[in-house]
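# Working through the structure, step by step
Listed below, chain by chain, are the residues.
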Amino acid sequence: MLPPNQQLAAPGKWPIVGERQPAAWSEPWTVAIGGLAARPAIWTLAELQQLPQVSQEIDIHCVTRWSKLGCRFGGVPMLDLLDQVQPAREARFASFIAQSPRQHSTSLPLDDLRRLQPLVAFSYGEQPLASDHGGPVRVIVPGKYFYKSLKWLARIELLAEDRLGYWEAEAGYHNGADPWREERYLAATLSRNEAAAVLASRDFTGRDLRSLDARGRDLAGLRASGALLRDADFRGCNLQRADFSNANLSNARLQQADLREAMLRGADVEGADFCGADLRGADFRGASLLGTTFISDDGQLAALVDASTHFDLDRQDDLAPPQAQFIRAAIGS
Ligand SMILES: Nc1nc2c(c(=O)[nH]1)N[C@H]1C(S)=C(S)[C@@H](COP(=O)(O)O)O[C@H]1N2
Ligand SMILES: [Mo]
């Protein structure tokens, strides 16, 4: 089953999202659990691998709208490790911390962990987990967007109060992360007046305007290069000649927008929806297209794309197969 507004990644394809490599570590790799626990513990990878392991089929749902179903991961149930350290009664959250360039972290309530039964995983499809996918050891949390599944697990801290992780604190990802309720992003804190003023100025350059509601506006010639417009709503807008170069438009809604001659070079349009938009003369070169939608699932509503729309041919591989097929046919390559 696919959660709302997700699409299947190309078969056999597993995109790398976020950090791509762990930080240097001294052998052996260890995983520690501490904080509010009666018996904090630390295991080497070899010790972890001695514990009873399980193999589990898990569906990956990335917040940028691609899903990959039935992925077989092997590892140790995280709850077994938590039992060993004996969490204190005040412990209500777990923060996962990575051995990674930015000491990446994410967190979950212990109640969610008990319900969802995450894995401390070492293998994928019977093979050791690849380093760019979080090997030698990562967290796999079923039933949440994949940003709760930390790569390169080094430490779990048990806490009385939640401590927001990197994406949740720095990038406005929803801390709930439930794909069935589409808990993707939080809105930027922008007052009504500020939103009205910025819309009237038609200058969004470099601004944080996440989840902005711009439906139906005339924004022809908009300057929005480098703007943070994740989850923004541009349905039905006039965006002719708009400059979105290097903007973040991930999961933005652009259905039925007029984007003729718009500049989207280097933009992040992962998970954005362009169904019914006019994209003649629009320039998507260097844009990241993971999970981008140009034609609806039922084929009823499609973007207007022709030979004047610019796409990088190699980037089209990031699109789900029906999307890539539509684009190739529309630009006539
Ligand atoms: N250490 C670390 N873990 C991370 C991230 C990251 O940037 N650093 N990104 C998260 C996000 S947003 C996703 S979708 C998944 C991506 O995992 P993958 O690259 O194996 O597909 O890892 C999650 N775990
Ligand atoms: Mo993600």
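Residues numbered from 1 in each chain as written. Chains lettered and ligands numbered in written order. Predicted model: local features only at pLDDT ≥ 70, side-chain atom pairs only at ≥ 80, totals over all residues. Heavy atoms only, no water.

### A word on the site of ligand 1
Here is the rule we go by: Summary of the distance rule: residues count as near a molecule or strand when at least one heavy atom falls within 4 Å of that molecule or strand. Whenever two N or O atoms come within 3.5 Å, that pair is a polar contact, provided that in protein one can donate a hydrogen and the other can accept it, and provided that, for residues adjacent in sequence, both atoms are side-chain atoms. Here, Shrake-Rupley sampling with a 1.4 Å probe gives the accessible areas, and only protein chains in the shown set may cover a residue. Each residue receives one of three labels: charged for Asp, Glu, Lys and Arg, nonpolar for Ala, Val, Leu, Ile, Met, Phe, Trp, Tyr, Cys and Pro, and polar for the others, Gly being one of them.
Every one of the 19 residues lining ligand 1 counts as a neighbour, but Pro-15, Glu-19, Arg-102, His-133 and Lys-151 are closest to it. For ligand 1, a nitrogen atom lies 3.5 Å from a polar atom in the side chain of His-104. Arg-138 places a polar side-chain atom, nitrogen or oxygen, 2.8 Å from an oxygen atom of ligand 1. Computed on the free molecule, ligand 1 has an accessible area of 530 Å², of which 100% lies beneath the protein chains in the complex. Residue composition of the shell around ligand 1, by class: 11 nonpolar, four polar and four charged.

### Here's the deal with a nonpolar patch on the surface
So the rule is basically this: Two joining distances apply to patches: 9 Å for like charges and 5 Å for nonpolar side chains (Val, Leu, Ile, Met, Phe, Trp, Tyr), and every residue must have over 30% relative accessible area and no salt bridge. The term salt bridge refers to a side-chain nitrogen of Lys or Arg lying within 4 Å of a carboxyl oxygen of Asp or Glu. Runs of H or I in DSSP of at least four residues are treated as helices and runs of E of at least two as strands, each being numbered from the N terminus. Classification of residues uses two cut-offs on accessible area relative to the type maximum, computed with a 1.4 Å probe and protein chains only: under 20% is buried, over 50% is exposed, and between them is partly exposed.
Nonpolar side chains collect at one region of the surface, where Leu-2, Leu-8 and Leu-69 lie side by side and expose about 220 Å² of accessible area between them. Looking at the secondary structure, you find Leu-2 in the segment before strand E1 (7-8). Leu-2 sits in the partly exposed class, given a relative accessible area of 33%.

### A word on the sheet that holds strand E3 (residues 41-44)
Applicable threshold: Here a strand pair is declared whenever DSSP counts at least two bridges between the two strands. Angles run from 0 to 180 degrees between N-to-C directions of axes, and those axes are lines fitted to C-alpha atoms, restricted for helices to the stretch in contact. We call two residues contacting when some pair of their heavy atoms lies within 4.5 Å.
Pairing is mixed in the open sheet, where five strands are placed in the order E3-E2-E11-E6-E7. The sheet is open, and its two borders are formed by E3 and strand E7 (105-109), each paired with just one other strand. For this sheet, the mean inter-axis angle between neighbouring strands, taken without regard to orientation, is 15°. Bridge count for strand E2 (residues 30-35) against E3 is four bridges, and the pairing is antiparallel. Looking at E3, one finds that Ala-32 is bridged to Ile-42. Strands in contact with helix H2 (residues 78-85) are E2, E3, strand E6 (93-98) and strand E11 (153-159); relative to E3, the strand with the most contacts, it is inclined by about 135°.

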